[in-house]
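Listed here are the chains, written in short residue letters.
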Amino acid sequence: MNLTLKIWRQKGSNVKGKLVAYNVADISEHMSFLEMMDVLNEQLVNSGEEPVAFDHDCREGICGSCSMYINGRAHGPDGGITTCQLHMRTFKDGDTIIVEPWRAKAFPVVKDLVVDRSAFDRIQQAGGYISVNTSGNTQDANAIPIPKLNADLAMDAATCIGCGACVAACKNASASLFVAAKVSQYALLPQGQVEANDRVINMVDQMDAEGFGSCTNTGACSAECPKDISLENIARMNREYMRAKAVTK
Amino acid sequence: MSKLDAKIPEGPLKDKWNSYKDKIDLVNPANKRLIDVIVVGTGLAGGSAAATLAELGYNVKAFCYQDSPRRAHSIAAQGGINAAKNYQGDGDSFYRLFYDTVKGGDYRSREANVYRLAEVSTNIIDQCVAQGVPFARDYGGLLDNRSFGGVLVSRTFYAKGQTGQQLLLGAYSAMNRQIARGKIEMHNRHEMLDVVVVDGKARGIIARNLVTGEIERHSAHAVVIASGGYGNVYFLSTNAMGSNATAAWKIHKKGAFFANPCYTQIHPTCIPRSGDYQSKLTLMSESLRNDGRIWVPKNMGDVQAIRDGKKKPTDLTEEERDYYLERRYPAFGNLVPRDVASRAAKERCDAGYGVNKTGEAVYLDFKSAIQRYGKEQAKLLHMPDASPEKITELGEKVVEAKYGNLFQMYEKIVDDNPYKTPMMIYPATHYTMGGVWVDYNLMTTIPGCYAIGEANFSDHGANRLGASALMQGLADGYFVLPYTIGDYLSHDIRTGKIPTNTPEFEQAEREVKEKIEFFMNNKGTKSVDHFHRRLGKIMWNKVGMSRNEKGLKEAIREIKALREEFYKEVSVPGSDQEMNQELEKAGRVADFLELGELFAKDALDRNESCGGHFREESVELAGEQKGEALRDDKNYAYVSAWEYKGEPSEAVLHKEELKYENIELKQRSYK
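Everything in this summary refers to the structure shown in the same document. The structure displayed is predicted, hence computed values, not measured ones.

**Brief notes about the overall build of chain A**
- Each helix and strand in chain A was counted, giving eight helices and seven strands.
- Across the 249 residues of chain A, 59% fall into the buried class.
- The contacts in chain A between residues at least 6 apart in sequence include a share of 69% that link residues at least 24 apart.
- Just so you have it, chain A exposes about 9,600 Å², and 49% of that area is on carbon and sulfur atoms.
- Of the side-chain charges in chain A, 24 are positive and 29 negative, and the distance between the mean point of each set is 7 Å.

Structure, rendered in structure tokens:
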């Protein structure tokens with residue numbers, strides 16, 4: 001198929017960007033979206049132009065690097081996938097496809113389609129861990145049985161890949177689903193309960209400090225999440241947060 | 001006199017590690033604050049090492065090329081992690097895990113290292129659970145296990161099909177705690193481009209900031225390389241697009257020996273390639289072989305009919321199918337080790353029985369498992385009269401619970417429903433057992449320079465068993481390196497900060513800058529990928545699943561010629577003073593073009609078949625094992641450690657003899 005691409009080009013974080021149109025021809029429907037971008041970039045390199053910068057790595061939907069806003073949707077049309085799992089069979093010959101980076105104050109553009117998501121790292125550093133040293137003397141892994149349901153729910157929350165689609169999809173650019181996924185994982189497990197209050201307060205405070213917007217429970221985050229992280233996690237985070245605020249000064 | 005001393009402690013195998021730990025020199029907590037350690041790579045090995053070293057009190061500087069340490073490619077490991085917990089009471093023990101790993105590695109790994117790995121395996125599970133890793137559990141709330149290829153016990157712990165992700169996020173969370181404390185200085189989007197050696201010791205690195213293009217000097221008392229494997233030398237592999245060998249290759253060029261490059265794992269269950277535009281291959285976890293049965297049609301007529309779209313695989317009766325693994329290896333069946341399963345698939349496809357248009361695909365079929373689970377569920381739910389449709393529905397639910405995310409991934413890529421029609425799979429490059437040579441302390445032949453995880457060579461011999469990579473990465477990072485590096489650093493407590501304004505740093509920086517300038521000013525006409533693809537083709541066709549003298553000699557010549565062409569013709573657009581992904585790739589492919597040649601040279605030297613390395617000249621000619629790989633213990637029971645001498649063709653071979661005192665060398669039989 002032949003396609004017209006309108007791609008956001010921006011030289012660096014401090015300069016203005018704009019949409020630039022490109023044509024690509026003979027695209028196979030079996031290609032992934034990123035393989036189509038490879039074709040475009042090879043074309044650009046061969047004509048001496050600078051290729052489009054974009055984040056990508058594992059190309060199997062788990063590293064969370066890829067981050068394209070395609071035709072107004074995070075990771076493009078189709079649910080439960082990352083950009084690298086989007087296939088060209090989703091498009092038709094002659095389509096015009098608009099490709100932009102994530103748009104959020106807390107995710108400044110680095111170059112073209114690459115954004116800086118280090119705000120996510122800083123939120124995790126604020127409390128997204130259990131304070132246990134490596135010693136070889138921790139208790140036996142089976143010492144505390146965990147109800148299967150809780151273990152499964154913790155796992156569902158923990159599958160978050162930190163791609164930022166939730167923020168990109170949210171009209172307020174809120175990071176609530178991302179933060180809630182981590183808070184929920186730990187809230188559902190017996191390990192690390194002693195620091196649960198500090199954890200949720202510190203992580204939520206850091207989220208606010210990074211400039212993410214507020215959550216108004218619209219649910220776009222969960223709808224666009226490639227790992228289908230449930231909105232229930234946001235409810236659980238809010239519950240954890242209120243409880244923590246009530247019991248700590 | 002060879003320079004290789006593996007420094008294996010004296011004493012019985014079972015006591016080596018414990019008595020070693022009792023005797024090493026320690027660094028007191030106040031002095032640890034005076035010592036800096038650089039860790040390159042933040043996967044399971046690098047992430048766990050960085051976190052643990054920082055917990056101990058060292059000042060850690062960690063580097064990764066990704067935008068966050070959480071994205072290292074360990075994240076993509078699916079199936080699980082082995083540990084000799086014996087929770088299932090099925091006879092597992094340290095010795096059995098040790099035995100399985102040495103046997104699975106086709107008797108080409110070091111006994112003492114593997115036994116230590118088995119010993120610390122149980123600590124890993126305890127540690128990860130304490131960190132909040134949500135492993136799968138049974139209804140009693142205890143940890144669940146599954147079975148993997150090449151073993152007869154259930155010792156694999158897992159978190160759905162995302163075990164690597166959960167373990168890596170555990171290590172990442174431990175890192176985050178130390179980053180917050182200021183004990184880890186994290187450098188995201190940085191790539192190490194050289195190691196700096198001062199007075200014979202590794203004392204720092206030169207790194208490029210991938211956002212600004214700035215070349216930076218970083219000093220430390222020791223340098224740890226945890227940059228993963230070199231599978232992308234094949235261009236197409238299951239590795240991430242950015243996975244590269246540059247850090248490992250740079251230390252090789254500065255004096256670290258490179259061991260067994262020809263030991264590469266071609267994983268049997270990957271999604272077949274579909275066209276020339278393909279950028280990478282996708283692995284489907286080996287755990288699928290627990291329940292999936294592998295087959296091709298018995299009759300060539302059916303193969304043709306399927307390729308022409310006139311028949312569907314589901315049209316074939318049981319009698320018309322050749323479950324070739326069950327036929328050839330009745331004892332292990334579909335759960336033979338990876339190298340055996342891959343070669344068997346290639347054998348069938350080479351004989352013309354491949355089931356897709358390219359002729360390179362076999363079926364992985366879940367029908368039997370769906371029926372078996374369905375009947376089991378019907379019994380449990382007291383539904384003696386369940387219809388066949390109901391049984392299928394119940395069975396599909398069980399399979400979905402076990403492998404749902406893998407099935408979904410397959411369907412997204414192939415656009416075919418694997419619950420209803422068998423999956424198509426074919427082997428692909430996955431893991432590299434070879435790597436930087438290290439001694440028992442995980443130190444390379446450069447004093448103060450360590451290599452851990454997939455980047456080193458030590459534990460998997462010529463073939464890695466499933467669920468052992470995660471085990472080794474975390475063992476090295478959490479439980480081995482933190483001890484062994486302390487013994488070395490205890491001599492550095494009075495050294496003081498390592499200055500970066502020395503001639504050694506200046507020279508290393510100059511060399512890095514010259515290389516970058518070369519690429520930027522080279523007015524070639526072809527993209528980096530163009531050369532990478534061609535290298536991949538040579539490697540796959542001549543240094544792939546099956547190798548022979550003629551092909552290897554051709555590969556060596558062709559890679560050398562391709563390397564010369566690359567330097568003449570490669571084109572890198574843009575500037576080096578900003579983010580430039582083509583420049584990043586150019587440096588990595590330049591290193592692959594050297595590594596590939598050494599790889600072929602090593603494969604040529606090793607005229608025996610062992611594990612992932614199969615030489616057509618070395619097969620069993622008669623008896624029950626006819627046609628199987630033939631190892632040659634008399635002539636090749638050694639580790640090949642190559643010393644850099646300029647061109648790969650001039651590399652000098654050093655041999656570390658492998659001694660087996662606790663295990664009898666046998667022909668691996670999975671019959």
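**Some thoughts on the packing of helix H7 (residues 246–253) of chain B against helix H17 (residues 581–605) of chain B**
Residues and elements named next belong to chain B.
- Here H7 crosses H17 at 60°, and the two axes come no closer than 10 Å. Here H7 lies oblique to H17, going by the angle between them. Judged by the sense of rotation from one axis to the other, the crossing of H7 with H17 is left-handed. Where H7 approaches H17, its residues Thr246, Trp249, Lys250, His252 and Lys253 are matched on the opposing element by Gly587, Arg588, Asp591, Glu594, Leu595 and Leu598.
- Residues that form the contact of H7 with H17 fall into these classes: three nonpolar, three polar and five charged.

**Notes on the sheet that holds strand S19 (residues 652–657) of chain B**
Residue and element names in this part refer to chain B.
- One open sheet accounts for four strands, arranged S16-S10-S18-S19; its pairing is antiparallel. Two strands close off the open sheet at either side, each with one partner strand: strand S16 (435–436) and S19.
- As paired strands, strand S18 (residues 638–643) and S19 are joined by six bridges and run antiparallel to one another. Looking at S19, one finds that Ser640 is bridged to Lys655.

**Here we look at the interface of chain B and chain A**
- Contact with chain B, which involves 79 residues of that partner, is made by 76 residues of chain A.
- Taking both sides of the interface into account, the surface hidden between chain B and chain A amounts to around 6,100 Å²; carbon and sulfur atoms contribute 49%.
- With its nearest N and O atoms 3.8 Å apart, the salt bridge here joins Arg533 of chain B to Glu42 of chain A.
- Applying the counting criterion to the chain B and chain A interface returns 41 residue pairs in polar contact (both at pLDDT 80 or more).

**Points about the environment of Asp228 of chain A**
Residue and element names in this part refer to chain A.
- Within the secondary structure, Asp228 sits in the loop between helix H7 (220–224) and helix H8 (232–247).
- Assessed through its relative accessible area of 52%, Asp228 is described here as exposed.
- A sequence separation of 139 residues divides Asp228 from Arg89, and the C-alpha atoms of the two residues are 22 Å apart.

**Considerations on the packing of helix H1 (residues 16–23) of chain B against helix H13 (residues 469–489) of chain B**
Residues and elements named next belong to chain B.
- Relative orientation of the contacting elements H1 and H13 amounts to 40°, with a least axis distance of 10 Å. Here H1 is positioned oblique relative to H13, judged by the angle of their axes. Taken as a pair, H1 and H13 cross one another with a handedness that is left-handed. Note on element contacts: H13 touches H1 through Phe479, Val480, Tyr483, Thr484 and Asp487, opposite Trp17, Tyr20 and Lys21.
- Of the residues that constitute the contact of H1 with H13, the class distribution is five nonpolar, one polar and two charged.

**A few points about the pairing of strand S9 (residues 222–225) of chain B**
All names here are of chain B.
- Residues of S9 alternate between two faces, with Ala222 and Val224 on one and Val223 and Ile225 on the opposite face, all of them buried.
- Looking at chain direction, strand S1 (residues 36–40) and S9 are connected through four bridges and run parallel. In the sheet register, Ile38 faces S9, and the bridge partner there is Val223.

**Notes on unusual backbone geometry**
Residues and elements named next belong to chain B.
- One non-glycine residue, Asp106, lies in positive phi territory at about 60°.
- Of note, Asp106 is situated in the loop between helix H4 (94–104) and helix H5 (111–130).
- On the accessibility criterion, Asp106 (4% relative accessible area) is buried.
- Of note in the backbone geometry, Tyr107 takes a positive phi value of approximately 55° without being a glycine.

**What to know about the state of the cysteines**
- All chains considered together, the criterion is met by zero disulfides over all chains.
- Not part of a disulfide, Cys166 of chain A finds its nearest cysteine sulfur in Cys163 of chain A, a span of 6.4 Å.
- Free of any disulfide, Cys64 of chain B has its nearest neighbouring cysteine sulfur in Cys63 of chain A, separated by 12 Å.

Definitions and limits used
Residues numbered from 1 in each chain as written. Chains lettered and ligands numbered in written order. Predicted model: local features only at pLDDT ≥ 70, side-chain atom pairs only at ≥ 80, totals over all residues. Heavy atoms only, no water. Helix = DSSP H or I, 4+ residues; strand = E, 2+ residues; numbered from the N terminus. Buried < 20%, exposed > 50% of the residue type's maximum accessible area, 1.4 Å probe, protein only. Contact = heavy atoms within 4.5 Å. Areas by Shrake-Rupley, 256 points an atom, 1.4 Å probe, with all protein chains shown as cover. Lys, Arg positive; Asp, Glu negative; His and termini not counted. Charge placed at Lys NZ, Arg CZ, Asp CG, Glu CD. Axes fitted to C-alpha atoms, helices over the stretch in contact; angles between N-to-C directions. Parallel < 35°, antiparallel > 145°, perpendicular 65-115°, else oblique. Left-handed = near helix turned anticlockwise from the far one by under 90°. Nonpolar A, V, L, I, M, F, W, Y, C, P; charged D, E, K, R; others polar. Pairing = 2+ DSSP bridges. Buried area = accessible area lost by both parts, 1.4 Å probe. Salt bridge = Lys/Arg side-chain N within 4 Å of Asp/Glu carboxyl O. Polar contact = N/O pair within 3.5 Å; in protein donor to acceptor, adjacent residues only side chain to side chain. Disulfide = S-S within 2.5 Å.

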